[in-house]
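Architecture and fold: a report
These are the residues of each chain, in order.
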Amino acid sequence: MSWRDLDEGDIRVRPSRKGSRPRTKERPAHADAVVAMVIGVDRGRYTCLIPKGVLGKKEPERVVTAMKAREIGRTRVVVGDDVALVGDLAGGPDALARIVRIEERRSVLRRTADDTDPYERIIVANADQLVIVTALADPEPRPRMVDRCLVAAYDADLEPLLALTKADLVDPAEFLASYTPLEVEHVVTSWKDGDFTGLDALRAKLSGKVSVLVGHSGVGKSTLVNGLVPGALRATGIVNDTTGRGRHTSTNAVALRLRGADGSDDGWVIDTPGIRSFGLAHIDVDRIIDHFPDLAAGTDGCPRGCTHDEEECALDAWVEHGHAGPAGASRLESLRRLLSSRSTTEEH
């Protein structure tokens, strides 16, 4: 066969190594990326707020929709995260930026599905305060859930705040008595005949902070948010007469800005969907005890592996000898209640 009888189908062509540019694992540094705050998450799209002046001295703040870049991998981006953005930052309806980096988180509120689930679920990032919203009636309060939320707040180094709703139905004194030794701040609110009492006191507690609201469905969480942030239009629901539980009305976490009396920025509230359970499988017992400094020193005499609710626990003698102060006994009881809430599966 001569060369004249050959055509292109008879020649096997392989790409030259020298002519093909190899891929690199090095990613761009994105030094010019703009840092924004994630204020909403919905099906893989992230609503981000670019602060005033970041894009230019005279540029106002801008809301941008973004998606995760490949280099983020499977790392979850949550409301409250500070993220680095590149790409189209115009903020129009057809603009889509890319999240190329998650900035270091100052705090992380997390939970597990239950007490045996090893996988943590981050709820929000960079919050300062955990507002535990519970109704005093309709639905009935669930102290075990409140205890679990307190443990999660202590673990995340967040300030806990009890926000009690529907105080027009039940006197809050009995419920609050069990939390007095924990020295947890509280606000009592009620909504009756168009009169919202306690809202100003709650707003004062939230002033200048990033606060995340957590609670069961039907406890009035969205009603509080609508009162705090006029125009928020968070959906509200009613409690089922048969089950005594509320229906999920908020389906996604969202950050909403608080305004001061003069219209200035005065913090953020993050509304979260109603929760049915709050697993604490990820919590270290020692981190809980650290939030009881009057008792923590007494654990030095405990045997190795002590769960602090056994007969050999040195905390009993510590309290008996008055080292924890006059409230030592009630403080120890509260600590053990929190430790118990961590190890006991919550009733759904």
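Residues numbered from 1 in each chain as written. Predicted model: local features only at pLDDT ≥ 70, side-chain atom pairs only at ≥ 80, totals over all residues. Heavy atoms only, no water.

What follows is about helix α3 (residues 199-206). Those residues of α3 not exposed but buried are L199, L202 and L206. One face of α3 carries all of its buried residues, which in axial projection span an arc of 60°. Exposed residues on α3 whose side chains face more than 90 degrees from its buried face are D200 and A204. Where α3 ends, the next residue or the one after it, G208, has phi of about 75°, a positive value. (Buried < 20%, exposed > 50% of the residue type's maximum accessible area, 1.4 Å probe, protein only. Helix = DSSP H or I, 4+ residues; strand = E, 2+ residues; numbered from the N terminus. Arc of directions from axis to C-beta.)

Of the pockets and cavities examined, the second largest pocket occupies roughly 360 Å³. The element that contributes the greatest number of residues to the lining of the second largest pocket is strand β7 (residues 121-125), accounting for three residues. Taken together, the residues that form the lining of the second largest pocket break down as eleven nonpolar, three polar and three charged. (1 Å grid on protein atoms, 1.4 Å probe; cavity = no way out; pocket = protein on both sides within 12 Å on 5 of 7 lines; lining within 4 Å. Points joined across faces, edges and corners; volume = space filled by probe spheres on them. Nonpolar A, V, L, I, M, F, W, Y, C, P; charged D, E, K, R; others polar.)

Let us look at the pattern of salt bridges. Two side chains carrying opposite charge are able to pair once their charged atoms lie near each other. One pass over the structure, following the stated rule, counts 17 salt bridges. Note that R105 and D81 form a salt bridge whose closest N and O atoms lie 2.7 Å from each other. With R105 in the loop between β5 (97-102) and β6 (108-111) and D81 in the loop between β3 (62-68) and β4 (82-87), this pair connects stretches of sequence that are 24 residues apart. The class for D81 is buried, based on a relative accessible area of 0%. Residue R287 pairs with D157 through a salt bridge whose shortest N-O separation is 3.7 Å. Placement of the pair is R287 in helix α5 (residues 285-289) and D157 in the loop between α1 (143-155) and β9 (159-165), with a sequence separation of 130 residues. Salt bridges sharing common partners tie together E61, R257, R259 and D265. (Salt bridge = Lys/Arg side-chain N within 4 Å of Asp/Glu carboxyl O.)

In this section: the nonpolar core. In terms of nonpolar packing, the biggest core is built from 54 residues, with L109, L130, L150, F278 and L335 touching the most fellow members. Setting aside anything within four residues of it in sequence, one finds L335 in contact with I288, I289, F292, L295 and L315. (Core = buried A, V, L, I, M, F, W, Y, C linked by side-chain atoms within 4.5 Å. Contact = heavy atoms within 4.5 Å.)

Read these as spatial facts, not as claims about activity.
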